[in-house]
Each structure stands twice: as structure tokens, then as C-alpha cells.
Amino acid sequence: MKDGFICVAAGTPKIRVADCRYNAEQIFTMMREADKQGVRILALPELCLTGYTCGDLFLHDTLLNGAEEGLRTILEATKNLEVLTAVGLPVRNPWDGKLYNCAAVIQKGEILRLIPKTWIPNYGEFYEQRWFASGKDVDVLVDLAGERGVHMASNVILACETMPNLVVGVEICEDLWAPEPPSTALARAGATLILNLSASNEVVGKAAYRRQLVAGQSGRLCCGYVYADAGEGESTTDVVFTGHNMIAENGAMLAERRFAAGLTITEIDVDRLIYDRRRMNTFTPPASTPMESAHALGVGRAAFTLERTVTKLRRYVSPTPFIPENDADRANRCEEILTIAALGLKKRLEHTSARTAVVGLSGGLDSTLALLITVLAMGMLHRPASDVIAVTMPCFGTTDRTKNNAVLLARRMGATLQTVPIGDTVRSHFRDIGHSPEDRDVTYENAQARERTQVLMDVANQTGGLVIGTGDLSELALGWCTYNGDHMSMYAVNASIPKTLVRHLVDYVARDNLGKDEELTRVLEDILDTPVSPELLPAVQGEISQRTEDLVGPYELHDFFLYHIVRWGFGPRKVLRLAELAMGRTYSRDVILKWLHSFCRRFFSQQFKRSCMPDGPKVGSVALSPRGDWRMPSDAAARLWLEELDGLSSGE
């Protein structure tokens, strides 16, 4: 439960059709196993206590009495278990004489609520209306399994008193397929976790459709969704059930299991869901408080408790959240990003009637990507690559390797190359301001960056063009750019692309080009192999002396921090926990803490640079434009974040 994580499971027990005693034993055995594995919320299949495929036996009191006795057995066997479990069974309503397909939500040997199925199918192989009535608007008290006055109602949410953001709603199978799933009202009333007790048979293609439904509903409702499907033991007279269990969170499939009985377990991050709901003004409850919202939607609200414990994390946390790990997905992502960025620049070039696009080319990754995007944009305009002016501006730290790569890259891309050495100009500037060239402080470095920007701006004026920015998202987050130097441009094509993704984009172009232009491939590969550096300090024996990651830290860590802090609003404690889970084998806790502290300090102190950053296209879910995704005062204090980090450093 710590950090907003709750361990959930979808379970498919092995059953025997109509053998309620056997099924009850399988169910409470599975509940005990779930409890041992730390599960706190468990969903089991629709009508699993009897079997979904009982047919006309559902109308027999013998079966219904057996189901009730089976539930009594489960309650007795699990009276010491904290796990909140939804069990499927048929329930008689003495007030109208009808039979309902219900989920019994149980915990510690008690029935907390009975929730009947709303949408009852009667098509294809599903003839449920033959036996069951719709639970829509049902709100009665029934005696069941030795408990008197059990509340049976169609729309109910259960709120955890010890974990306020955990609110559980339940729907049953066909409810998800309906035009108005009950889960929609449940989520608007406050439910962050939906359990679906299902019995969905298997036919070719249905699994993919079912997967889309579950993932899509979790995304629409910004919730966790646990789907438990009937499987082994159901009758195969006409159809087959495969136990297709799924757990999704906000559109992403976290865990999935098919063709096997057993438990599918992962963790749902309810705090993350609440953060996303908070920032989405389209997800609006009908009233200002949970109780008022529930009342307005006709949703009842009940309470339960869970012991406060630390949830062991078994869900996968990607060390590269901006980069798909599947080769095909990564290639598609790269192609999409290049196209989006180029389309953004294409529009700006059209709108300004720019005759040229001017790119400062250093031989590094960022300027390489900017050139690739700019040439692509020119192609979209059906203009020659020679309308792109690539300017190299060697100075004190420039190495032959980067200079030669810049020259070769410009030529292979067909850009117009200009070389403007700036060493003499910068020395003259040092004399003007009385700065010793031997004092290699921030003035020594930034004077070069600002002179390069001046050259680019003037070349753009000469040629009727726009200066294309090369700085990336990671540099903006850290403030690793010279104010009014490389910080400034007329359109910043890399502005929402993090450093780790820049590398993959250049690598994608190199691989996509294989066999087409071997010299271009070679230079791109050498650029990829070149250490990241601003090259503002003199080289040592011809080699780069200034390595960015030695100064500000590994970009893979900073991009991880950036994603989880900006996209999800996580605090330092939670980010540290996730970073250790994702990259603990590569970096020690102390190293992660060191650079997380640096990230938070720099992120706050350098906001003034982002407050006046140039226009640039957003390509992903994280961007720092002050006109769009990130609105933060330049003088916001980092104290709370740094104090939390200090506590983590001291072992609190």
C-alpha cells in the first residue's frame, strides 16, 4: 500500500460444473494462496461457485442451496484473511422471486456487498435471460449463507478507509460490452479500481477484441481494471473457456494470462490514477465530494479496511520510459516522432516564407537530429536539401573528429555547408570585457555558446531564414544550456525529445539508411559513438575533455526522473523506489540519490530558461513548454522536494 501501490489479482480456479462443494474448496484455496502472495484485492470469475455453464440447473433449488452452502464454507475458511475478494454465484431475491447473477464481495469471513449483473445477454451461446433477471436498480436486503440483511444493489463502490485513493467497483462480464457499462458511473463516483467477474468463451479473434475492451475501458475511466475469466472445468459442450485474465491500468496492459488456471498478479498504482484524474478536466465527478457524487449518480458507498503494509512490487518498471523496448514498436515510434517534428517545422517554414533553415552543426547527437528533421521538412515542402544551411563553428574545444563528422554529415545530407571559425572573435570579446582566456570558468564557456548563436542568427538574416534549435528536452529540464546561447532559436525541433530518445532516433535513421548510403551510415554511427559534450573546454591530446554526463549525471537516470516527476507528479521517495526497481543493478542507491537530488535542484533553479523557450513541436506525453504542458513560476522553491531527499539520504 506504500506509495499508492495495491497488489491485485485475477484468479481462475479449476472447477466442476454444479459441484459447489468442490468449487468452494478450490476458491478458498486460491484465496489463501493469494493472501500468501501479498494480494489485497482478488477478482474471481462469474458464477465460479456453481460454474457458468449449468444451464437450466440454475432454476433448481438444489444447486442454489449448494451455492449458498459453498459460500458459507468459503466465509468460514477465510475468516482470518484480509484479502478483499469478489466471488461469482447465483442469488435468489425473495422480494421479487427472481434469480440474480451476483458478485459477492467478501472479506474476513463477511459478505460486504452483493452486486448483481446489470446487462443480461440473450444472444449466440449466451441465454442468461432464461435464468437471470437484470440487477439494474435492484436495492434490497437478503439473507445469504447464514448472514442476515446482506445489501444487494447494482451500483455500489467500496472505499478503503486506510488507503483513501483505493475505491473498488464491480461489474460482471456483459456489463463491459454494453453501451453504458456500470463502471462508467462507478468511476465518476470515485472508483479507481474496477473488478470484472467474467465468463467469456474463446473463439478465433475474440481474445484481441476482449483485450481492447479491457485496456480501453481502463484508459477511458483512468482506472485499474481487473478482469477474471472462467476457464478450466467449465462445460465444453458447445464452447470453450480459457481463463483469459487481464489487469490493465489507464490504458496499459500490466499483466495477462490465458489457457491456464491460477492467479495473475500485479500492482495497481492508485495514486498515479488520481493524479491523472486531477489533471484531466474532462474527467469530472458530478459533485464536489465523493458522497455527493455517488448520490448524484445513484451509486451506493460502503467502506472496508486493509492493514497498512509495504506492497512488494512485481510490476515491470521500464528503465527507459520514453523508449519502447520492442524493436518493431521502437521503429514505429521513431518514424512517428520524426514525422511529427518535421511537420511542425514544415508549417513554420511555410508560414514565415523562410528561404532557408539554418542549423548549427557540431558533430554531436542533438545537432545531427535537428539536421535530419530539417532536411525531412524541406522534402515535405518539395524543396532541395540545399535550402538547409549547416554552419560549423569550431572553437577552443572542437576536435577533429566532431568537426569532420559535421562536415561529412552536411555533405551527405545535401545541405549547404558554411564553416565559421569563432576563436578570434571570442578572444576579442574576452579582451573587450577584461576576461582572461586562462580563466576557464562559466564565462569562458558561455561566451562561445552565445557567439555561435549570434553567428546563426546573422546567417539567418543574410539568407532570409530561420534558426533551427538543437537543444533537447533533457537539457531543458536540467537547464544545461546557455541562456540566450544555444537556449535560443527561432524554432526548436528537439524541444520535447529527451536525450535517450535522441540517440535512438539517430540510430533508427542510421539503420534505416543501411545499404543506401554507406558513408552516411558510417558517419551517423561514429556520431552515436561520440561522447556527449558541449566541447567548450580545450581538447586533451585531440580528444574531448568535457563529458556532459560526468558533470550533470547519466541521462538515462535524468530522463527516468523527468518522466516520473513531470508526467505523473511523483515525489522523490516514489521516484527513488521505482528507479531502484528499474535500474538497481546498474546504479547503487547512493548514486541514484545523488543525481536525483541534482535533478530536483536544477529543475527548480533553471525554470527561468524554460519560461522563455522558443516554439517547438510536442511529440510525446512529456513536454516543458510554458505555453502548454508545464506552467511553473521561475522562482518556485525546491525546499519540500530537497528535504524529502535529505530524509531518504539519512535513511528515514
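Structure shown above.
## Observations regarding the overall build of the protein chain
Looking only at helices and strands, the protein chain has 21 helices and 22 strands in total. Along the longest, intermediate and shortest principal axes, the C-alpha atoms of the protein chain span 100 × 55 × 45 Å. The contacts in the protein chain between residues at least 6 apart in sequence include a share of 73% that link residues at least 24 apart. Charged side chains of the protein chain number 70 positive and 81 negative; the gap between the two group centres comes to 1 Å.

## As for the pairing of strand β20 (residues 416-419)
Pairing analysis gives 4 bridges linking strand β19 (residues 388-392) to β20, with the strands arranged parallel. If you follow Ala390 over to β20, its bridge partner there is Leu417. In this region the chain leaves β19, passes through helix α10 (residues 400-413) and returns to the parallel neighbour β20; the handedness of that crossover is right-handed.

## Let's talk about the nonpolar core
Counting 96 residues, the largest nonpolar core has Leu409, Ile497, Phe561, Leu562, Phe603 and Leu624 as its most contacted members. It is helix α9 (residues 365-380) that provides the largest number of residues to this core, a total of 9 residues. Those residues in contact with Leu624, other than ones at most four positions away along the chain, are Leu473, Leu476, Ala477, Leu562, Val566, Phe603, Arg610, Met613 and Trp630. Residues Ile27, Leu44, Ile74 and Val142 belong to the second largest nonpolar core, which totals 37 residues.

## Quick notes on the sheet that holds strand β10 (residues 156-160)
Across the sheet, which stays open at both edges, the 7 strands sit in the order β15-β14-β13-β12-β11-β10-β17 with mixed pairing between neighbours. Looking at the sheet topology across the chains shown, the edges are occupied by β15 (252-257) and β17 (300-304). Going from strand to strand, the sheet's axes swing by 20 degrees on average, the running direction of each strand aside. Where β10 lies against strand β11 (residues 167-172), 3 bridges are found, and the strand directions are antiparallel. Each residue of the ladder has a partner; that of Ile157, found in β11, is Gly169. Sheet strands in contact with helix α5 (residues 206-220) are β13 (224-229), β14 (245-249) and β15, and its direction is about 30 degrees off that of β14.

## A closer look at the pairing of strand β3 (residues 84-93)
With 9 of 10 residues buried, β3 is to be regarded as a mostly interior element. Judged from the 3 bridges that link them, strand β2 (residues 41-43) and β3 form a sheet pairing that is parallel. Of the residues in β3, the one forming a bridge with Ala43 is Ala86. In the sheet, β3 pairs with strand β4 (residues 98-107) via 9 bridges, with the strands oriented antiparallel. Looking at β4, one finds that Val91 is bridged to Tyr100. Adjacent in sequence and paired antiparallel, β3 and β4 are bridged by 4 residues, among which Gly97 carries a positive phi angle near 75 degrees.

## Brief notes about unusual backbone geometry
The phi dihedral of Asp137 is positive, around 70 degrees, even though this residue is not glycine. By relative accessible area, Asp137 is classed as exposed at 63%. Residue Asn484 is not a glycine yet carries a positive backbone phi of 60 degrees. Its place among the elements puts Asn484 in the loop between α13 (473-478) and β22 (491-492).

## Observations concerning the environment of Glu232
The residue Glu232 is located in the loop between β13 and β14 in this model. Through-space distance from the C-alpha of Glu232 to that of Arg16 is 8.6 Å; in sequence the pair is 216 residues apart. Apart from the residues within four sequence positions on either side, Glu232 is in contact with Thr12, Pro13, Lys14, Ile15, Phe241 and Ala261.

## Remarks on the environment of Gly38
Looking at the secondary structure, you find Gly38 in the loop between α1 (20-36) and β2. Sequence separation of Gly38 and Ile265 is 227 residues, and the distance between their C-alpha atoms is 9.4 Å.

## Quick word on the pattern of salt bridges
All chains considered together, the criterion is met by 38 salt bridges. Where Asp61 meets Arg92, a salt bridge forms, and the shortest distance between an N and an O atom there is 3.1 Å. Of the two residues, Asp61 sits in helix α2 (residues 61-77) while Arg92 sits in strand β3, which places them 31 residues apart along the sequence. Taking the relative accessible area as the measure of exposure, Arg92 reaches 29% and is therefore partly exposed. Notably, a salt bridge pairs Asp629 with Lys618, separated by 2.6 Å at the nearest N-O pair. Linking Asp629 in the loop between α20 (607-610) and α21 (639-649) with Lys618 in the loop between α20 and α21, this pair joins segments that are 11 residues apart in sequence. Given a relative accessible area of 43%, Lys618 falls into the partly exposed group. Ionic contacts of the salt-bridge type, sharing partners, join the residues Asp366, Asp472, Glu475 and Lys499 into one network.

## Focus on the sheet that holds β22
Strands pair in a sheet through their backbones, by hydrogen bonds, and they do so in one of two ways: parallel or antiparallel. Strand order in the open sheet formed by 5 strands is β20-β19-β18-β21-β22, with parallel pairing between adjacent strands. The open sheet terminates on both sides in strands that have one partner only, identified here as β20 and β22. Where α9 meets the sheet, it contacts β18 (356-360), β19 and β21 (465-469), and its direction lies at approximately 170 degrees from that of β18.

## With respect to helix α19 (residues 589-605)
In this model, α19 (17 residues) spans 24 Å end to end at C-alpha, consistent with the 24 Å of a helix rising 1.5 Å per residue. For α19, every residue scored as buried is listed here: Ile592, Leu593, Trp595, Leu596, Ser598, Phe599, Cys600, Arg602, Phe603 and Phe604. As for α19, its buried residues are in contact with α13, α16 (548-552), α17 (555-567), α18 (572-583), α20 and α21.

## Overview of the packing of aromatic side chains
The full count for this structure, using the stated rule, is 13 aromatic pairs. Aromatic side chains Tyr483 and Phe608 sit 5.4 Å apart centroid to centroid with 35 degrees between the ring planes, which places their arrangement in the tilted category. Of this pair, Tyr483 sits in the loop between α13 and β22 while Phe608 sits in helix α20; the two residues are 125 residues apart in sequence, bridging distant segments of the chain. Each ring, one from Phe561 and one from Phe599, has its centre 6.0 Å from the other, and the planes form 65 degrees; the classification is edge-to-face. Here Phe561 is found in helix α17, whereas its partner Phe599 is found in helix α19, with 38 residues between them in sequence. Pair check on accessibility: Phe561 and Phe599 agree, each one buried. An aromatic cluster of three or more residues is present, and its members are Phe561, Phe599, Phe603, Phe604, Trp630 and Trp641. Across the ring face of Trp568, the terminal group of Arg567 is positioned such that the distance to the ring centre comes to 3.8 Å.

Cut-offs used in this document
- Residues numbered from 1 in each chain as written.
- Predicted model: local features only at pLDDT ≥ 70, side-chain atom pairs only at ≥ 80, totals over all residues.
- Heavy atoms only, no water.
- Helix = DSSP H or I, 4+ residues; strand = E, 2+ residues; numbered from the N terminus.
- Contact = heavy atoms within 4.5 Å.
- Lys, Arg positive; Asp, Glu negative; His and termini not counted.
- Charge placed at Lys NZ, Arg CZ, Asp CG, Glu CD.
- Pairing = 2+ DSSP bridges.
- Right-handed = clockwise from strand over helix to strand, strands pointing away.
- Core = buried A, V, L, I, M, F, W, Y, C linked by side-chain atoms within 4.5 Å.
- Buried < 20%, exposed > 50% of the residue type's maximum accessible area, 1.4 Å probe, protein only.
- Axes fitted to C-alpha atoms, helices over the stretch in contact; angles between N-to-C directions.
- Salt bridge = Lys/Arg side-chain N within 4 Å of Asp/Glu carboxyl O.
- Expected span 1.5 Å × (residues − 1).
- Phe/Tyr/Trp six-rings, centres within 6.5 Å; stacked < 30°, edge-to-face > 60°.
- Lys NZ or Arg CZ within 6 Å of the ring centre and 35° of its normal.

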